[in-house]
Amino acid sequence: LGPLVARALDEVPFGLLCRGLVCVNILNLVIGISCWKDVAPKDLAQSGSSAPASPSSVAVPSAKEEQLGFVDSIRAIFTNNTTALLLLVSWLYTLGYGIGDGPEIVFLKEHFAFGKNEVCYFFMATNLSSLVFATVVPHIIASIGAQAACKLGCLGAAACMLALILLSGVGWVPYACGVLEVGLFGSLIGLGYMHLVRKSCPESSMGTMLGLQSAINGFAGTIGPPTGGALYDWNALLPYVLSALF
């Protein structure tokens, strides 16, 4: 629905749209904070018992213990080769995606003659593809495994980037690449990555692991687009070559 709303607001001043986007992000933050719930820690010593623990039997750790547990979780994640490598891979993928995503609209306009309508249809197609492939990808991962799914997703996304370079000017290519990259290959990478995290990271450190992933991906997503824009000014194809390599 986002592209349709954006097209309907075509005559709205850009400054007003920016302020509206800020308000939407603040609203998302408020909703996220209001829906956050702490999960009571499980008593591992009584894991053999099937009866749920009563609220009075659950020990609530002090603030100092919670802080030490958090620090220990971070240390355990970075000292474990598997989880540290998973974080590095996630950061590199997000950085490469951001480098290609930064100058994307300019690239589509200059190499595929995209206008407002084409951009609207492009984003509608990519968003719809995520909904469609979300029902198919779990079956693919169950058949070939999470690691193979991540490899297939990375190779497929790289092939889509190279297709945008090699088939410049062919009108249907951006739509096909967007649908496949975002819907199929992006879902393979995202869901496959989560399977690997669940297998590699202890349940007690899962929240810390996902929080670190979100933080480093946010950093990569921040520096990626301006880096891609700077590279685009130097060479229009360079951001997409680097994105394919990542």
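In this report, the structure presented in the accompanying data block is examined. In this numbering scheme, every chain counts its residues from 1 along its sequence in written order. Per-residue local features are limited, in this predicted model, to residues with pLDDT of at least 70; the limit for side-chain atom pairs, both in listing and counting, is 80 or more; totals at the level of whole chains, interfaces and linings are taken over all residues. Hydrogens are left out, water is left out, and the side-chain values use all remaining heavy atoms of the structure.

This part takes up the overall build of the protein chain. Secondary structure is summarised from DSSP: a helix means a run of H or I of at least four residues, a strand means a run of E of at least two, and numbering begins at the N terminus for each. On a plain count of helices and strands, the protein chain comes out with 11 helices and zero strands. Listing every helix and strand of the protein chain by position from the N terminus yields α-α-α-α-α-α-α-α-α-α-α. The burial tally for the protein chain puts 29% of its 246 residues in the buried class. Considering only residue pairs separated by 6 or more positions, the protein chain has 78% of its internal contacts joining residues 24 or more positions apart. Where accessible areas are quoted, they stem from the Shrake-Rupley method and a 1.4 Å probe; at the residue level, only the protein chains shown are allowed to cover. Total accessible area on the protein chain is roughly 15,500 Å²; 69% of this is exposed by carbon and sulfur atoms. Only protein chains enter the calculation, and the probe is 1.4 Å; a residue is then buried if its accessible area is under 20% of its type maximum, exposed if over 50%, and partly exposed in between. In what follows, residue pairs with any heavy atoms lying within 4.5 Å of each other are defined as contacts.

Assignment of secondary structure puts Gly145 in the loop between α7 (137–144) and α8 (146–166). Assessed through its relative accessible area of 24%, Gly145 is described here as partly exposed.

Bringing unusual backbone geometry into the picture now. Although it is not a glycine, Ala113 sits at a positive phi angle of roughly 55 degrees. Judged by its relative accessible area of 60%, Ala113 is exposed.

Further remarks concern the packing of helix α4 (residues 81–101) against helix α9 (residues 173–200). To obtain an axis, a line is fitted to C-alpha atoms, over the contacting stretch when the element is a helix, and the angle between two such axes runs from 0 to 180 degrees between their N-to-C directions. Look at α4 against α9: their axes get within 10 Å of each other, and the N-to-C directions meet at 160 degrees. Compared by their axis directions, α4 and α9 come out roughly antiparallel. Every pair of crossing elements has a handedness; the one defined by α4 and α9 is left-handed. Between α4 and α9, the contacting residues are Thr82, Thr83, Leu86, Leu87, Ser90, Tyr93 and Tyr97 on the first element and Glu181, Val182, Gly186, Ile189, Tyr193, Leu196, Val197 and Ser200 on the second. For this classification, the nonpolar set comprises Ala, Val, Leu, Ile, Met, Phe, Trp, Tyr, Cys and Pro, the charged set comprises Asp, Glu, Lys and Arg, and every other residue, Gly included, is treated as polar. Split into classes, the residues belonging to the contact of α4 with α9 amount to nine nonpolar, five polar and one charged. Roughly parallel covers angles under 35 degrees, roughly antiparallel covers those over 145, roughly perpendicular covers 65 to 115, and oblique covers all other angles. Definitions for this section: a left-handed crossing has its near helix turned counterclockwise from the far helix by less than a right angle. A right-handed crossing has that turn clockwise.

Quick look at the packing of α4 against helix α10 (residues 206–234) now. One can describe the packing of α4 onto α10 by two numbers: an axis separation of 7 Å at closest approach and a directional angle of 30 degrees. Compared by their axis directions, α4 and α10 come out roughly parallel. In the crossing of α4 with α10, the sense of the turn from one axis to the other is right-handed. Residue composition of the contact of α4 with α10, grouped by class: 13 nonpolar, 10 polar and no charged.

The next subject is the nonpolar core. Only buried residues count toward a nonpolar core. Its members are Ala, Val, Leu, Ile, Met, Phe, Trp, Tyr and Cys residues joined through side-chain atoms within 4.5 Å. Grouped together as the largest cluster of nonpolar side chains are 36 residues, with contacts concentrated most on Phe107, Phe112, Leu188, Tyr193, Val197 and Met209. Elements with a minimum of two residues in this core: α4, α5 (104–112), α6 (116–133), α7, α8, α9, α10 and α11 (238–245). Residue contributions to this core peak at nine residues, all from α8. Once residues lying within four places of it in the same chain are set aside, the contact partners of Phe107 are Phe112, Leu164, Tyr232, Ala236, Leu237 and Tyr240.

Attention shifts here to the packing of aromatic side chains. Aromatic rings from Phe, Tyr and Trp, taking only the six-membered ring of Trp, are treated as a pair when their centres fall within 6.5 Å; an angle between ring planes under 30 degrees marks them as stacked, one over 60 as edge-to-face, and anything in between as tilted. This structure, assessed with the given rule, holds seven aromatic pairs. Pairing Phe107 with Tyr240 gives two aromatic rings, centres 4.3 Å apart and planes at 40 degrees, and the pair type is tilted. You can see Phe107 sitting in helix α5 and its partner Tyr240 sitting in helix α11, a full 133 residues away along the chain. For Phe107, a relative accessible area of 1% puts it in the buried group. Grouping aromatic residues by their ring pairs yields a cluster made of Phe114, Phe122, Phe123 and Tyr175.

Position of Ser187 among the secondary structure elements: in helix α9. On the basis of relative accessibility, which here comes to 14%, the residue Ser187 falls in the buried class. Residues contacting Ser187, with those up to four places away along its chain left out, are Val137, Val182 and Gly192.

A word on the state of the cysteines. Cysteine sulfur atoms are paired as a disulfide whenever they fall within 2.5 Å. Going through the model one piece at a time under the given rule, you end up with zero disulfides. Between Cys154, a free cysteine, and Cys150, which holds the nearest cysteine sulfur, the sulfur-to-sulfur gap is 6.6 Å. Assessed through its relative accessible area of 37%, Cys154 is described here as partly exposed. With no disulfide of its own, Cys177 lies 4.6 Å from the sulfur of Cys160, the closest cysteine sulfur. Overall, the relative accessible area of 8% leaves Cys177 in the buried class.

What follows concerns the environment of Thr83. Assignment of secondary structure puts Thr83 in helix α4. Taking the C-alpha atoms as reference points, Thr83 and Ser200, 117 residues apart in sequence, are found 6.5 Å from one another. In this view, Thr83 contacts Ala76, Ile77, Ser200, Cys201 and Met209; residues no more than four positions away in its chain are not counted.

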